[in-house]
Amino acid sequence: MQAIGIDIGGTKIAGGVVTELGEIVAERRVPTPTGNDSQAIVDAVVAMIDELQQVAPTSGGDVIAAGVAAPGFIDAAQSTVYYTPNIPWRNEPLRARLTEKLDLDITIDNDANAAGWAEFRFGAGRLVSDMTMLTIGTGVGGAIVTEDRLFRGGFGTGGELGHMRIVPGGLECGCGARGCIEQYGSGRALLRMAGEVADRGGATGKALGDIRVKNGELTGHDVAGLMAAGDPGALEALAELGTWLGQACASLSVILDPQLFVFGGGVAQAGELLLKPVRDAYLEHLPARGFHPEPDFVIAELVNDAGVVGAADLARTHAAKL
Ligand SMILES: [Zn+2]
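On a predicted model such as this, the values are computed, not experimentally measured, just so you know. (Residues numbered from 1 in each chain as written. Predicted model: local features only at pLDDT ≥ 70, side-chain atom pairs only at ≥ 80, totals over all residues. Heavy atoms only, no water.)

K.L.:
Outline the pairing of strand E4 (residues 63-70), listing residues and values.
P.N.:
With respect to burial, E4 is a largely interior element, seven of its eight residues being buried. Here strand E1 (residues 2-8) pairs with E4 via six bridges, running parallel. Each residue of the ladder has a partner; that of Gly5, found in E4, is Gly67. Strand direction decides the pairing type here: E4 and strand E8 (residues 105-110), joined by six bridges, are parallel. The residue of E8 that forms the bridge with Ala70 is Asn110. (Buried < 20%, exposed > 50% of the residue type's maximum accessible area, 1.4 Å probe, protein only. Helix = DSSP H or I, 4+ residues; strand = E, 2+ residues; numbered from the N terminus. Pairing = 2+ DSSP bridges.)

K.L.:
Break down the environment of Val17 for me, with residues and values.
P.N.:
In this fold, Val17 is placed in strand E2 (residues 12-18). Discounting chain neighbours no more than four positions away, the residues touching Val17 are Gln2, Ala3, Ile4, Glu23, Ile24, Val25, Ala26, Leu52 and Ala56. (Contact = heavy atoms within 4.5 Å.)

K.L.:
An account of the sheet that holds E4 is requested, with residue identities and associated values reported.
P.N.:
Each strand in a sheet pairs with another by means of backbone hydrogen bonds, the pair being arranged parallel or else antiparallel. Strand order across the open sheet formed by five strands is E3-E2-E1-E4-E8, with mixed pairing between neighbours. The open sheet is flanked by strand E3 (24-31) and E8, the only strands paired with a single partner. Between one strand axis and the next, the sheet turns through 15° on average, direction left out of account. Where E2 and E3 come together, seven bridges link them in antiparallel fashion. Across the sheet, the residue bridging to Val17 is Ala26, located in E3. Strands in contact with helix H10 (residues 306-320) are E1, E2, E3, E4 and E8; relative to E4, the strand with the most contacts, it is inclined by about 130°. (Axes fitted to C-alpha atoms, helices over the stretch in contact; angles between N-to-C directions.)

K.L.:
Can you lay out the coordination of the zinc ion for me, pointing to particular residues and giving the numbers?
P.N.:
Around the zinc ion, the protein contributes the donor atoms His163 (ND1), Cys173 (SG), Cys175 (SG) and Cys180 (SG), which lie 2.0 to 2.4 Å from the metal centre. Each of the four donor atoms around the zinc ion contributes to a set of angles spanning 106 to 121°, which defines the coordination as tetrahedral. Written as a sequence motif, the donor residues of the zinc ion are H-x9-C-x1-C-x4-C. Residue classification places Cys173 among the buried positions, given a relative accessible area of 5%. (Donors = N, O, S within 2.8 Å, 3.2 Å for Na, K, Ca; no water. Tetrahedral: all angles 85-135°; square planar, octahedral: opposite > 155°, others 65-115°.)

K.L.:
A description of the sheet that holds strand E9 (residues 131-136) should follow, citing residues and the corresponding values.
P.N.:
Strand order across the open sheet formed by five strands is E11-E10-E9-E12-E13, with mixed pairing between neighbours. Edge strands, defined here as strands with exactly one partner in the open sheet, are strand E11 (149-150) and strand E13 (296-299). With four bridges connecting them, strand E12 (residues 260-264) and E13 associate as parallel partners. In the sheet register, Val262 faces E13, and the bridge partner there is Val298.

Below is the structure:
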């Protein structure tokens, strides 16, 4: 049985027909309608699901469900978007609006949860029962799989790990709270830390400082390039980021005890350069160190379209229970 997955992103809506093995056999992509037009986004998703239903290979069996991944808080019934940051959805009955126009079982999920589920089913987490994923992009997304199930919490909004507080009274976050992981472990935080290394100057901050003077600002691309070239300043910023993330993982281990921490998102492309400081800080801050089995720390395997694959598989799982 095939299922359709749709991932509503800030700049594009991606969709695909996904097999039970997690393979995308047909895909579509359109720019996300701009201007905060909620109806236009719903219409684009309906059109994409319609089209994907028509082009799904008949050899793959029926398309039985469609899953839609969206940023923000989704309710436990996988029906309503409580809140999404960049689209004006507040208590939006998205599933009902889609079901009106489509003859399919529809489910709605948080985008980081969908990507994490894909990683659990078909990627780095496929051999474990308990996995915690942190997606390090501009912000920080989280997904928790515990005892082979996606953790959503009582209201559906659990697992928002980017907004777990790690620094009391720390930097103000876009969510309104202070000291969230997102302020210390995101791509945006990495740029801030790289800027601070440049401010300190000296031999370590020289390359970062020179680029900032030349271009007027530092970009993620600049910092990634310097990290890849082994620049000590860029690596110092990355190590600081990894140290915060490792401390956060030590706290998460106390609650969730995962066998595996998976890091996704653009910053995770740094690979072992990121994982080493994460692992070191984790061990330093882990309670009962030496007596706690150590989880593995790995980079996500499904770089592209994890949201599409995960949303489809969650929808298939939901439909199978009906
Ligand atoms: Zn926050």
